[in-house]
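Letter by letter, the chains look like this.
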Amino acid sequence: MSSDLRLGPLLGSGRTADVYALDDEADEAWVLRRYRDGYGDAPAEAAVMEYVRGHGYPVPRVRPTHKRTDLMMERLSGPTMLQALADGLIGPRDAGATLARLLRDLHALPPRVSTDPTARVLHLDLHPDNVMLTPTGPRVIDWTNSEEGPPGLDWGISAVILAQVAVGDDPLGEPAGALLAALLDGNERAITEEGLAEARRRRAANVTMTTREVEVLGDAEELIRGLLY
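Residues numbered from 1 in each chain as written. Predicted model: local features only at pLDDT ≥ 70, side-chain atom pairs only at ≥ 80, totals over all residues. Heavy atoms only, no water.

Colleague: Where do I start with the overall build of the chain in this structure?
Modeller: Helix and strand counts for the chain come out as 8 helices and 9 strands. Summed over all atoms, the accessible surface of the chain reaches about 11,100 Å², with 50% contributed by carbon and sulfur. (Helix = DSSP H or I, 4+ residues; strand = E, 2+ residues; numbered from the N terminus. Areas by Shrake-Rupley, 256 points an atom, 1.4 Å probe, with all protein chains shown as cover.)

Dropping the structure here:
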């Protein structure tokens, strides 16, 4: 991939990266995800995405750029699940059931590098803003946090993220609570004590968290436990 990519309009920004269109007809079917401030490892992320896609998991195609900060990704059409929720295009229960299915399907794949037979590929940031609802079905994006390990950690991370929104000051708090309940209905007892504790620890240590998001972690865990037990 050439290093002289001509960037087009900024399509979106997250906590650690920006996504650009490409100003070249040959590349119009692709976007560039560029990490900021030293975040990300694009070649490692691309390797995970290609691995799970090779096993039939719904992720965008990727192309190498040979730069740690840059990931070339298939340009997808359709809203994020978060936007679809805000626009009333999908209900919280359906969204939660979809997230649960995506987690179950991911954890059905064999590990890519681990020799531990109980380990699985983990996304570790699966929430409505990281699922694109395309005409051919949901696609999972943003694999920068991916690791291999116990599935309970992946379920715990997703649950804590949703619970933080549900108990916080976000206008989507109420639908986030319903979405969380649907996710937990489909967890098949996959959330473990160890996974939930580690999920809370990681969220507290996450430097992209706001002070308020860290403050509500106790209430978030209490909500999850109330729905589980």
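Colleague: Would you explain the sheet that holds strand β1 (residues 7-13) in this entry?
Modeller: Within a sheet, adjacent strands bond to each other through the backbone by hydrogen bonds, running parallel or antiparallel. Taken together, 5 strands build an open sheet; the order of strands is β1-β2-β3-β5-β4 and the sheet is antiparallel. The sheet terminates laterally at β1 and β4 (62-63), the two strands that pair on one side only. Here strand β2 (residues 17-22) runs beside strand β3 (residues 30-35); their pairing, made up of 5 bridges, is antiparallel. Residue pairing in the sheet places A21 in a bridge with V31 of β3. In the packing of helix α1 (residues 42-54) onto the sheet, the strands contacted are β3, β4 and β5 (70-74), and the crossing angle to β5 comes to about 30°. (Pairing = 2+ DSSP bridges. Contact = heavy atoms within 4.5 Å. Axes fitted to C-alpha atoms, helices over the stretch in contact; angles between N-to-C directions.)

Colleague: Can you walk me through unusual backbone geometry in this structure?
Modeller: Its identity as a non-glycine residue notwithstanding, L124 has a phi of 70°, on the positive side. Within the element layout of this structure, L124 appears in the loop between β6 (120-122) and β7 (131-134). When its relative accessible area of 7% is taken as the criterion, L124 is described as buried. Within the chain, D142 stands out as a residue other than glycine whose phi angle is a positive 60°. Among the residues examined, D142 registers a relative accessible area of 10% and is labelled buried. (Buried < 20%, exposed > 50% of the residue type's maximum accessible area, 1.4 Å probe, protein only.)

Colleague: Is there a simple way to explain the pattern of salt bridges in this structure?
Modeller: Pairing is possible between side chains that carry opposite charge, provided their charged atoms lie close to one another. Within this structure, the stated rule accounts for 19 salt bridges. For D41, the salt bridge goes to R68, with nearest N and O atoms at 3.4 Å. Taken together, the positions of D41 in the loop between β3 and α1 and R68 in the loop between β4 and β5 put the pair 27 residues apart, joining distant regions of the chain. For R68, a relative accessible area of 52% gives the class exposed. Note that R225 is salt-bridged to E193, the shortest N-O span being 2.9 Å. Residue R225 is located in helix α8 (residues 217-228), and its partner E193 is located in helix α6 (residues 193-205); the two are separated by 32 residues in the primary sequence. Judged by its relative accessible area of 42%, E193 is partly exposed. What you see here is one network of salt bridges that share partners, running through E147, E198, R201 and R202. (Salt bridge = Lys/Arg side-chain N within 4 Å of Asp/Glu carboxyl O.)

Just geometry here; none of it tells us what the structure is for.
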